[in-house]
Amino acid sequence: MQPENNAEELEEESFDDFPSPPPVIPEWARQEGSQWQRLDEFDILAKAEELTGLSLEIKYEPLPIGVWGIHLVRGERGRVFVNSQLPPFWQRFAIFHELYHLLNHTKGARFWQHTFVSMESFENRADSFAWAAAWPEWEENQYCDWN
């Protein structure tokens, strides 16, 4: 029997090292991401629903170590799961990352895994979009005093 990790130990183990922003955010990402900057969660969902035609929701759950977020779509409904153990800024980053996938990768992971484009490039583009959308909050260190 292994000892149980408490939430604090899990957080230290899984969220010690966060990425640094890229040296340059691509122009396409800055243009697309700027439309999402400083929107609250309600407005993000409303805008995303309008663009995707889906009924969307965001749920915060303790996800496995290393998983920041995932999205699922079934029929006309979609859900973004965000790791509740992430600090607030990184939760928001995960929302934007998954949002990019919802907006641009509508055929599902199985389809994209069988294309000639690497999955890494899709993930890099989603990260670029997320950085662009969250940039003002990062730059202002908006969440530095949140627990």
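All figures in this text were calculated on a predicted structure; none of them were measured in a lab. (Residues numbered from 1 in each chain as written. Predicted model: local features only at pLDDT ≥ 70, side-chain atom pairs only at ≥ 80, totals over all residues. Heavy atoms only, no water.)

Chemist: So what's going on with the packing of aromatic side chains? Residues and values would help.
Modeler: The tally for this structure, following the rule as stated, stands at 16 aromatic pairs. Measuring from ring centre to ring centre gives 5.8 Å for Trp-28 and Tyr-100, while their planes differ by 50°; the resulting arrangement is tilted. With Trp-28 in helix 2 (residues 27-34) and Tyr-100 in helix 4 (residues 88-104), this residue pair connects regions lying 72 residues apart in the sequence. For Trp-28, a relative accessible area of 22% gives the class partly exposed. Under the relative-accessibility criterion, Tyr-100 is labelled buried at 3%. Here a set of aromatic residues connected by ring pairs shows up, and it is made of Phe-18, Trp-68, Phe-89, Trp-90, Phe-93, Trp-131, Trp-135 and Trp-138. The ring of Trp-36 carries the charged tip of Lys-47 above its face, separated from the ring centre by 5.2 Å. Geometry around Trp-28 places Arg-125 over its ring, the cationic atom sitting 4.0 Å from the centre. (Phe/Tyr/Trp six-rings, centres within 6.5 Å; stacked < 30°, edge-to-face > 60°. Helix = DSSP H or I, 4+ residues; strand = E, 2+ residues; numbered from the N terminus. Buried < 20%, exposed > 50% of the residue type's maximum accessible area, 1.4 Å probe, protein only. Lys NZ or Arg CZ within 6 Å of the ring centre and 35° of its normal.)

Chemist: Quick rundown of the side chain of Ser-128? Include the residues and the values.
Modeler: As for its placement among the helices and strands, Ser-128 is situated in helix 6 (residues 119-139). With residues near it in sequence (within four places) discarded, Ser-128 still touches Ile-25, Pro-26, Trp-28 and Ala-29. (Contact = heavy atoms within 4.5 Å.)

Chemist: Give me the lowdown on the nonpolar core, citing residues and values where you can.
Modeler: Within the largest apolar cluster, 30 residues are counted, with the highest numbers of intra-cluster contacts made by Trp-36, Ile-44, Phe-89, Phe-96 and Leu-99. Broken down by secondary-structure element, the contributors of at least two residues to this core are helix 3 (41-52), strand 1 (55-61), strand 3 (77-83), helix 4 and helix 6. Take this core: its biggest share by element is 9 residues, from helix 4. Filtering out sequence-adjacent residues up to four positions away, Phe-89 remains in contact with Trp-131, Ala-134, Glu-137, Trp-138 and Tyr-143. (Core = buried A, V, L, I, M, F, W, Y, C linked by side-chain atoms within 4.5 Å.)

Chemist: So what's going on with the pattern of salt bridges? Residues and values would help.
Modeler: Here the structure, examined in full by the defined rule, presents 5 salt bridges. A salt bridge links Glu-27 to Arg-30; the shortest N-O distance between them is 2.1 Å. Here Arg-30 and Glu-27 lie together in helix 2, a separation of 3 residues that amounts to about one turn. Looking at Arg-30, the relative accessible area reads 45%, which means it is partly exposed. We note a salt bridge from Glu-137 to Arg-92, for which the minimum N-O separation is 2.6 Å. Here the residue Glu-137 occupies a position in helix 6, and Arg-92 occupies one in helix 4, the gap between them amounting to 45 residues. The same class applies to Glu-137 and to Arg-92, which are both buried. Through salt bridges that share partners, Glu-57, Arg-77 and Arg-79 make up one connected network. (Salt bridge = Lys/Arg side-chain N within 4 Å of Asp/Glu carboxyl O.)

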